[in-house]
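# Summary of the model geometry
The residues making up each chain are set out below.
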Amino acid sequence: MRKGFFALILAAGKGTRFKSEKIKVLHPLLGKSMLRLVLDCVFKLKPEKIYVVVGCQKEEVMKEAPPGKVEFITQKRQLGTAHAVRAAREALSKEREKDVLIVNGDLPLLRPETLKPLLALHQKKRNSLSLLSAELENPTGFGRIIYFGDEMRVVEERDATPSERKIKEINAGVYLFKIKDLLGALSKVSNQNKKGEYYLTDVIEILSQEGKKIGIHKTTQTEDIVGVNSRFELAGATEVLRERKNKALAEKGVTIYDPRTTWIDLNAKIGPETIIYSSVIIEGKSVIGSQCWLYPFVHIIDSRVGNRVKILSSTMIENSVIEDEAKVGPFTHLRPKTVIRSRAKVGNFVEMKNTIFGRKSKAGHLTYLGDCKVEEEVNIGAGTITCNYDGKRKHKTSIEAGAFIGSGTELVAPVKVGKKAYIGAGSTITKDVAPESLAVARSEQVEKRGKAPRKRGK
Amino acid sequence: MRKGFFALILAAGKGTRFKSEKIKVLHPLLGKSMLRLVLDCVFKLKPEKIYVVVGCQKEEVMKEAPPGKVEFITQKRQLGTAHAVRAAREALSKEREKDVLIVNGDLPLLRPETLKPLLALHQKKRNSLSLLSAELENPTGFGRIIYFGDEMRVVEERDATPSERKIKEINAGVYLFKIKDLLGALSKVSNQNKKGEYYLTDVIEILSQEGKKIGIHKTTQTEDIVGVNSRFELAGATEVLRERKNKALAEKGVTIYDPRTTWIDLNAKIGPETIIYSSVIIEGKSVIGSQCWLYPFVHIIDSRVGNRVKILSSTMIENSVIEDEAKVGPFTHLRPKTVIRSRAKVGNFVEMKNTIFGRKSKAGHLTYLGDCKVEEEVNIGAGTITCNYDGKRKHKTSIEAGAFIGSGTELVAPVKVGKKAYIGAGSTITKDVAPESLAVARSEQVEKRGKAPRKRGK
Amino acid sequence: MRKGFFALILAAGKGTRFKSEKIKVLHPLLGKSMLRLVLDCVFKLKPEKIYVVVGCQKEEVMKEAPPGKVEFITQKRQLGTAHAVRAAREALSKEREKDVLIVNGDLPLLRPETLKPLLALHQKKRNSLSLLSAELENPTGFGRIIYFGDEMRVVEERDATPSERKIKEINAGVYLFKIKDLLGALSKVSNQNKKGEYYLTDVIEILSQEGKKIGIHKTTQTEDIVGVNSRFELAGATEVLRERKNKALAEKGVTIYDPRTTWIDLNAKIGPETIIYSSVIIEGKSVIGSQCWLYPFVHIIDSRVGNRVKILSSTMIENSVIEDEAKVGPFTHLRPKTVIRSRAKVGNFVEMKNTIFGRKSKAGHLTYLGDCKVEEEVNIGAGTITCNYDGKRKHKTSIEAGAFIGSGTELVAPVKVGKKAYIGAGSTITKDVAPESLAVARSEQVEKRGKAPRKRGK
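All residue numbers here refer to positions counted from 1 along the written sequence of the relevant chain. The order in which chains are written sets their letters, starting at A; the order in which ligands are written sets their numbers, starting at 1. It should be noted that, the model being predicted, local features are given only for residues of pLDDT at least 70 and side-chain atom pairs only at 80 or more, the latter also being counted only at that level, while totals for whole chains, interfaces and linings use all residues. To obtain the side-chain values, all non-hydrogen atoms of the structure were included, while hydrogens and water were left out.

The subject of this paragraph is a positive patch on the surface. Like charges within 9 Å and nonpolar side chains (Val, Leu, Ile, Met, Phe, Trp, Tyr) within 5 Å are joined into patches, using only residues over 30% in relative accessible area that form no salt bridge. Methods summary: accessible areas were calculated by the Shrake-Rupley approach with a probe of 1.4 Å, and residue burial reflects only the protein chains presented. Any Lys or Arg side-chain nitrogen located within 4 Å of an Asp or Glu carboxyl oxygen qualifies as a salt bridge. In summary, the charge assignment counts Lys and Arg as positive and Asp and Glu as negative, without counting His or the chain termini. Charge placement uses NZ in Lys and CZ in Arg. For Asp and Glu, CG and CD serve respectively. A grouping of Arg17 and Lys19 of chain A together with Lys247, Lys252, Lys269, Lys285 and Arg304 of chain B is seen on the molecular surface, where their side chains present a positively charged patch. Here Lys285 of chain B shows up in the loop between strand S16 (281–283) and strand S17 (287–288). For helices the rule is a DSSP run of H or I covering at least 4 residues; for strands it is a run of E covering at least 2, with both sets numbered from the N terminus onward.

The structure is reproduced here in structure tokens:
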């Protein structure tokens, strides 16, 4: 592919069948918006420039593009695909001898390898127009391609006759035009049809009638040709992406026991020899190292996990870091800004928030650590709670290396427990504890013989 | 459909392949029994009257019908489908000129739109019998339709020859009879076959031989024609219903990220723009509002959730109410009779039972509230426990507006904490606390310098 | 099948496409290694002896066979399948008149019923070689069978011409040889091919050219013929096994609501009338009784569950025993060596480890019991913690029948609570409590009127 070309992505329409305040191309699949997926595909083809036609919710749409790489063109009213392309007329007319690749923004499954043969065909044959077609088992929703003698046209489904609807070769909504031919034909498109819209597909018939050279690349990658028009179709397209992602991970050495119940966002990365059980969900830009074990019902969001880490069942991790060989879970919630240092162990109804938890330290049961710094080799007993909020402000807790916090301890922040200090079980600690000190705050045990029966049902 | 007709549903058989003490038609699919699904379908066709033939476990079967709308007929012994219809002879013979729609009770996927063409055909052609057929890729288990000249008959699979078994047009088990013709033929059915049963399908051959007018509506809705004969087939049929339910929700504007791992009972309702992650289960008559977020591993049973509510991962909610903009989870268990008022926050190993939790109040960590009333803007510290049971009876706890309960507090019920009162961390509160009071029940912190090393391994 | 035969399983190769330090045949499917699955299948055919050719990681491979039942033969370098069989030459040449069944170790879906017709054919026709073929929709990865006149050969995919690749009849990798004919041909196999390996498939052509009698059994059980060459294919094969397992359970009377999200290891057993919700995972040699209810997001490992047990949502159980009619969960973690006696109730953020929990006892909320013995009818209040670790050693807690442990109690082990004793809420118990005694260790509640406002934000 030597000769340069432009790309134009149509992303102005609302997509009424979504029944959503958010426009169609902003809906996500596996963590990326539909538009972003189309952009990512088109970027890989290396066009000279990418234009995106925006209309509804254009501010939100514009956030989807990597900054500086895309130029936006506003289509004020949405009067059809040809009308959308007309909005780009000025931009395109600067380079009338070049080509433009036009892609509908609702084709999130397109891959560069599916489009490359179309580009090659277009340039080799010096076509005025080359379009992508496919033969679909179920062509519903797509325009059908109709040949008559040397000419051809595309009939939109809603305008098709019953016998035309039986045609299985469809127009995918991806075109390469010689810009000057496109611009010439565009001005001739009318809106005399059922919906009163200007269809880009009419350009095809016009060019065909004018005897311009038109080529069709019929792709066998039919999986890519899925136009997403409803939330149910969105789920179907997402499933295809999930299979692609899970397969790519498996080929790199990740074991995914049950790909159908595993959800891994497109942006997530996972190292080899990691084993992922059923029903694991990894969102955002999470990075998981190698030789990890992720047990079932784990939900990880935007977090970094080192190597040889075990994350046990029913654990939720958000915006946190877990270092090598740590063990987290089951039933653990790591909230944002938590760091679990290597070989630490955290689990069984333990929550941490904005906490650094030191190397080889342990917090194994029923514990809440918030705004806390724990050094290495600390033992946090069951039922330890940092009282970090006094009703008005948050305060910090600091626990130095080797300290032992007895079970059922409340640490009323701000408070500091010194190195190798020992806190007796059941204490409420309100003052700093010196290194190596034993601190206890509890009452004497009183026993009243024979009084238990009366106590029942006081 | 002007002319009235009766409906007769056959629900007497046990279904031995289920290996269940419960009879086949009582087994549920997506929260509704098989029989109830057939009844719901038939109701929508508006018959004048519905009869259900019951036999095994008839008391339980009778509970499946909405009260007053259905008449039950007992078949004492189960000697075949014709024998079941004979049990209804008396009821049917009152209106011999009318028609009766007979449906096997094990067809849970039938939809009214699939049966309507059969009714229309029957009445238009004035048939003695009209039956529903379908051409199935895998016809196993169904009777096959055999034509010979003008006549036709149905051969049950167990009585079919190998070449008959290759026939793909099957008898769905749905019939419309002119009542008088049915009754005439019924008495001629014999039980001379492998199983020694009276087959309703023999009536077809009898009417055919008598030259009565028989029509067949071959439906293209083959998805509806699934006879459920085992628990594995039950799971397969449930999957079809789930796809229908999830698709219907998506069309109304609900985003279901992964329909294949999402289980939403048929009776559940969900508002538009609500987003449902993978692996969410919603049971019973739950109602979820609009613009909610349901994270993974959430299990909701018979509960009402308002609008813009967030329910985070691994949360179980039973028979509770959650008002608008509340946030619940992760790792929360709301047990029956709990109400979470609007904009309240509950989460991280918190359990509530029979508790009203006030507007904007928070219970964020490791807490158990049982038989408790919490007013608005209360802060419940981590590790707060209502001691609502004294070994004999349950008692109530009341916490008034704006109170602050320090972490690690036990509230020994019956007890009341007044408005804007403040309880120090680690206290066991056994007496009522006056409004605006500060209450503490804890020991002095004692520190023994240098004693920590000896304490380890006492 | 009268005549004896040997079996030879090829398990020496690494399987580079797995990108794993562990060799291919050791990777598990539903709790059993690929090799073990092949062994299990071959065992059921009752060969006189089974040889397994091992090479890479032979120590680990040898652990996969039940002790004493299999003989291992080492192939030092991996130079192809014929080379692997040559390694067994000495063993086989003892009984040259007998037959040997050779099976590739990467065919985990083979079932005895699929191989029996091959054995029957071989013996009936007195073939020199009988091989298993199948016609696959997608033959990729398998050698193709090519017939020419009376002769036939197998061409490996990598050596096949484009037109040969279109052949859909494939060589499954399962052979029965007359040993003397095999040994004769083996020495003629060369490594003159693209990979420079000795292919066992060349033996076929050699025997064919020599006019030996060759038979082919083309199986219709194409589901069995899946060669697993990558982790993604492993997941696909696992899905087939899961469907088989779940179907077998359903036929025995287990209700599995959603087989696609249910993971039950091959070794697990489940009794009839047990109901399993979506997203349940049962691993290892777990045994679940009859009439149990397993709610969603339950993860059970190597445990025994009695009859009529309820396990509620989000519960993890490892190496534990749960007796009849107990109720466990939601949000419970039973760690190894825990026994829940009949009719006991455990749930809501409760963890147990090495604990015997008595008949009809209850631990309903936020509790940790470690190294503990609880007798019958004990009530463990919310927030009870056994302090079983003192920083150096673990100690035991013992709670006798009928005791009542108030909420928020720490039991500092070693400690014993006597029969029917009563512990007041919020106590830290450091000394044994006598039977029927009331024990309390807490401070007086002090109230400072009007001081709450100042306390906020101390």
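Only strands that DSSP links by at least two bridges are regarded as paired with each other. The 12 strands are arranged S40(A)-S39(C)-S37(C)-S34(C)-S31(C)-S29(C)-S27(C)-S24(C)-S21(C)-S18(C)-S15(C)-S12(C) in an open sheet whose pairing can be described as mixed. The sheet terminates laterally at strand S40 (446–448) of chain A together with strand S12 (255–256) of chain C, the two strands that pair on one side only. Of the strand pairs in this sheet, S40 of chain A and strand S39 (residues 438–440) of chain C are connected by three bridges, and their pairing is antiparallel. For Glu447 of chain A, the partnering residue across the bridge sits in S39 of chain C and is Ala439 of chain C.

A word on the packing of helix H7 (residues 179–186) of chain A against helix H8 (residues 201–209) of chain A. All names here are of chain A. In this analysis an axis means a line fitted to C-alpha atoms, helices contributing only their contacting stretch, and an angle means the value between N-to-C directions, from 0 to 180 degrees. For the pair H7 and H8, the least separation of the axes is 9 Å and the interaxial angle reads 105 degrees. The angle between H7 and H8 places the two elements in the roughly perpendicular class. Only Val203, Ile206 and Leu207 of H8 make contact with H7, whose side of the interface consists of Asp181, Leu182, Ala185 and Leu186. Any residue outside Ala, Val, Leu, Ile, Met, Phe, Trp, Tyr, Cys, Pro, Asp, Glu, Lys and Arg is labelled polar, Gly included; the first ten of those are nonpolar and the last four are charged. Partitioning the contact of H7 with H8 into residue classes produces six nonpolar, no polar and one charged. Between 65 and 115 degrees an angle is taken as roughly perpendicular, under 35 as roughly parallel, over 145 as roughly antiparallel, and anywhere else as oblique. We call two residues contacting when some pair of their heavy atoms lies within 4.5 Å.

Only rings of Phe, Tyr and Trp enter the pairing, Trp through its six-membered ring, and a pair is recorded when the two centres are within 6.5 Å. The plane angle decides the type: under 30 degrees is stacked, over 60 is edge-to-face, the rest tilted. If you walk through the whole model with that rule in mind, you get 30 aromatic pairs over all chains. A centroid spacing of 5.4 Å and a plane angle of 25 degrees characterise the contact between Trp263 of chain B and Tyr257 of chain C, whose relative ring orientation is stacked. Taken together, the residues Trp263 of chain B in strand S13 (residues 263–264) and Tyr257 of chain C in the loop between S12 and strand S13 (263–264) connect one chain to another. Here's how the labels work: a residue is buried when its accessible area is under 20% of the maximum for its type, exposed when over 50%, partly exposed in between, all with a 1.4 Å probe on protein chains only. Relative accessible area serves as the criterion here: at 5%, Trp263 of chain B is assigned to the buried category. Here Tyr257 of chain C falls in the buried class, since its relative accessible area comes to 14%. Ring-pair connections join several aromatic residues into one group, and the members of that group are Phe331 and Phe349 of chain A, Phe331 and Phe349 of chain B together with Phe331 and Phe349 of chain C. Only when the NZ of Lys or the CZ of Arg is both within 6 Å of the ring centre and within 35 degrees of the ring normal is a charge said to sit over the ring. One cation-aromatic arrangement involves Lys69 of chain C over Phe43 of chain C; the distance from NZ or CZ to the ring centre is 5.3 Å. Positioned above the aromatic ring of Tyr389 of chain C is the side chain of Lys394 of chain C, whose terminal nitrogen or guanidinium carbon lies 5.3 Å from the ring centre.

This part covers the interface of chain C and chain A. Facing 68 residues of chain C, the contacting portion of chain A comprises 61 residues. Both faces combined, the contact of chain C with chain A buries some 4,900 Å², and carbon together with sulfur accounts for 58% of it. Between Glu239 of chain C and Arg260 of chain A there is a salt bridge, with the nearest N and O atoms lying 2.7 Å from each other. N or O atoms within 3.5 Å of each other form a polar contact, as long as, within protein, one can give a hydrogen and the other can take it, and as long as residues adjacent in sequence are counted only when both atoms are side-chain atoms. Counting across the chain C and chain A interface gives 24 residue pairs in polar contact (both at pLDDT 80 or more). For the side of chain C that touches chain A, the element with the most residues is helix H9 (residues 231–251) of chain C, which contributes six residues. Along the lines of polarity and charge, the residues of the side of chain C that touches chain A split into 28 nonpolar, 19 polar and 21 charged. Using a 1.4 Å probe, buried area is obtained as the accessible area two parts lose upon being combined, added over both of them.

The next thing to look at is the confidence of the model for chain A. When the pLDDT values of chain A are averaged, the result is 94; 99% of them are 70 or greater. Confidence metrics for the complex model read pTM 0.96 and ipTM 0.95. The predictor attaches a confidence to each residue, and that confidence, scored 0 to 100, is pLDDT.

The atoms used to superpose the copies are C-alpha atoms, taken from residues with pLDDT of at least 70 in both, and the fit is least squares. Taken as rigid bodies, chain C and chain A are interconverted by a rotation of 120 degrees and an axial shift of 0.0 Å, the fit giving an RMSD of 0.0 Å. Put plainly, the chains are arranged around a three-fold axis.

What follows concerns the interface of chain A and chain B. Counting residues at the interface gives 68 residues for chain A and 61 residues for chain B. Of the roughly 4,900 Å² buried at the junction of chain A and chain B (both faces included), carbon and sulfur atoms supply 58%. On the surface where chain A and chain B come into contact, there are four salt bridges. Counting every contact that joins chain A to chain B gives 25 residue pairs in polar contact (both at pLDDT 80 or more). Ranked by residues supplied to the side of chain A that touches chain B, first place goes to helix H9 (residues 231–251) of chain A with six residues. The residue makeup of the side of chain A that touches chain B, split by class, is 28 nonpolar, 19 polar and 21 charged.

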